[in-house]
Amino acid sequence: MLAVDTGIVEEWLSEFKTLPEASISSYATNLKDKSALISSLYKVIQEPQSELLEPVCHQLFEFYRSGEKQLLRFTLQFLPELMWCYLAVSASKDLQSSGCIEALLLGVYNLEIVDKEGNSKVLSFTIPSLSKPSVCHEPSSIGSMALTEGALSQHGLSRVVYSGPHPQREMLTAQNRFEVLTFLLLCYNAALSHMPAVSLQSLCQICSRICVCGFPRQQVRKYKGVNSKIPVSSEFMVQMLTGIYYAFYNGEWDLARKAMDDILYRAQLELYPEPLLVANAIKASLPQGALKSSKEGTRCIQVEITPTSSRISRNAVTSMSIRGHRWKRREQPENGNDATELGNFVIPEISVTNVAGERTGNGEKSRALADNDVQHLQGVQETATDPRTDSKGMPEIRRQKSVRKMMEDGINSSGRVQF
């Protein structure tokens, strides 16, 4: 490692120790933009014999348990490289030089398996149903699903898978090594959207190295340093594929493609069904051409979604449709429709003053009745132009007004109406 890198790392170690509590938030925000520091820290981690490795691991653990999200993510970005260094040292049987890395990995693991109150966490994952659309599939593309009694009983039900509680570990052994590393890689994948490009590149590279070391493909890849086989578990390989799948669509097409081929190669040799299934599914879903890196932002997985129909039918009964139906019924008598076709009935002739009128059912007024009343009032006014001089005109006008009011109110007077 160069002296320049050593000076940058030493300055970083001393800077955080003298930092006041109020300045931690602004310091954490600007830390991710220090590319020279991040590059120097990678060089320190890649040299197990470096004197700065132990203080760097201690500083990264202090970042992780500080509670600041930006500092936590800063530590997480080095997790793939830390895992590779630990597995490489473990394969070479030189466990003494990996003591600080092992302590850092165990510290992060023991912090993640408990909540803020110190209780064990139980993680839950919901498996999507094939009958409902998701970012991975469309029900229409699967084909027609028979609506059997069993299918209907399972419709809408979601299967939930639980992980945990996980036991605390004081040291890493051959029995619990990949249980701890798988959980740590799960925590790393949960923060993939916040990882920089250099961290995704490191993830793809260490996945290739772990899978081909000790096999004939190592000579093809020209990987040096570790020539012995590194044992891996099926669950650990599935978590590696999760991160690689994200790297495909976020600017690391070539490295991710090489890593996926190496994982598929190792899964075929080990006869692991889960990595084989996931790797082949990813390979089948990839586009034909390589996706270019986007400097403006990360790329998303492109999924073809079929257009959905309107949620509200055009024939649905709503308040607006009911109101429009009422207006239509009010306009129908004006348009000259036959009263018998609308289910109207005719009120018998009224004998008072020989006025005949019709009224529609359901308490609705008829314009024909109003026209008859107006014509009759005009005739009365012609016969008695001066009510003050003609005493017979006054009772007739009052009687006609009372009849008209009675017809408008829909109240029949038994004493004045004869059938």
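Note that the structure is predicted; figures quoted are calculated from it, not measured.

When pLDDT is averaged along the protein chain, the result is 75, and 61% of the positions lie at 70 or above. In this model, residues 293-298 is a region of pLDDT below 50 whose contacts with residues beyond four sequence positions or in other chains number four contacts. In this model, residues 380-393 is a region of pLDDT below 50 whose contacts with residues beyond four sequence positions or in other chains number six contacts.

Contact geometry for helix α6 (residues 79-91) and helix α10 (residues 177-190): axes closest at 10 Å, N-to-C directions at 165°. Of the possible angle classes, the one that applies to α6 and α10 is roughly antiparallel. Judged by the sense of rotation from one axis to the other, the crossing of α6 with α10 is left-handed. Here Leu-79, Pro-80, Met-83, Tyr-86, Leu-87 and Ser-90 of α6 lie close against α10, whose contacting residues are Arg-177, Phe-178, Leu-181, Leu-184, Leu-185 and Tyr-188. A per-class count over the contact of α6 with α10 returns ten nonpolar, one polar and one charged.

Applying the stated rule across the entire model yields 13 aromatic pairs. Between Trp-12 and Phe-63 the ring centres are 5.6 Å apart and the planes differ by 85°, which places this aromatic pair in the edge-to-face class. Of this pair, Trp-12 sits in helix α1 (residues 3-17) while Phe-63 sits in helix α4 (residues 53-64); the two residues are 51 residues apart in sequence, bridging distant segments of the chain. On the accessibility criterion, Phe-63 (0% relative accessible area) is buried. Considering the side-chain rings of Phe-178 and Phe-236, the 5.3 Å spacing of their centres and the 70° angle between planes classify their relative orientation as edge-to-face. Of the two residues, Phe-178 sits in helix α10 while Phe-236 sits in helix α13 (residues 234-248), which places them 58 residues apart along the sequence. Residues Phe-178 and Phe-236 agree in their burial class; the two are buried.

Turning our eyes to something else, we now look at the pattern of salt bridges. By the definition in use, this model includes nine salt bridges. Salt-bridge contacts for Asp-5 lead to Lys-43; the nearest nitrogen and oxygen are separated by 3.0 Å. Placement of the pair is Asp-5 in helix α1 and Lys-43 in helix α3 (residues 35-45), with a sequence separation of 38 residues. With relative accessibility at 9%, the residue Asp-5 sits in the buried group. Judged by its relative accessible area of 33%, Lys-43 falls in the partly exposed class. Between Glu-179 and Arg-169 there is a salt bridge, with its nearest N and O atoms 3.0 Å apart. Placement of the pair is Glu-179 in helix α10 and Arg-169 in the loop between β2 (159-163) and α10, with a sequence separation of ten residues. Through salt bridges with shared partners, one network takes in Arg-217, Arg-221 and Asp-262.

Quick notes on the rules
Each chain has its residues counted from 1, following the order in which its sequence is written. The model is predicted, so local features are restricted to residues of pLDDT at least 70 and side-chain atom pairs to those at 80 or more, both for listing and for counting; the totals for chains, interfaces and linings are taken over all residues. With hydrogens and water set aside, each side-chain value is computed from the structure's full complement of heavy atoms. A score between 0 and 100, pLDDT records how confident the predictor is in each residue. The contact criterion used is simple: two residues touch if any of their non-hydrogen atoms lie within 4.5 Å. Angles shown run from 0 to 180 degrees and are taken between the N-to-C directions of axes, each axis being a line fitted to C-alpha atoms and, for helices, limited to the stretch in contact. Under the DSSP-based scheme used, a helix requires at least four consecutive residues in state H or I and a strand at least two consecutive residues in state E, with every element numbered from the N terminus. Any angle that is under 35 degrees is reported as roughly parallel, and any over 145 degrees as roughly antiparallel; angles of 65 to 115 degrees are reported as roughly perpendicular and all others as oblique. Here a crossing is called left-handed whenever its near helix is offset anticlockwise from the far helix by less than a right angle, and right-handed whenever the offset is clockwise. Following the grouping adopted for this structure description, the nonpolar residues are Ala, Val, Leu, Ile, Met, Phe, Trp, Tyr, Cys and Pro, the charged ones are Asp, Glu, Lys and Arg, and the polar ones are all others, Gly among them. For Phe, Tyr and Trp, rings pair up if their centres lie within 6.5 Å, where Trp contributes its six-membered ring, and each pair is then called stacked (planes under 30 degrees apart), edge-to-face (over 60) or tilted (otherwise). Only protein chains enter the accessibility calculation, which uses a 1.4 Å probe; a residue is then buried when its area is under 20% of its type maximum, exposed when over 50%, and partly exposed in between. In what follows, salt bridge is the name for a side-chain nitrogen of Lys or Arg lying within 4 Å of a carboxyl oxygen of Asp or Glu.

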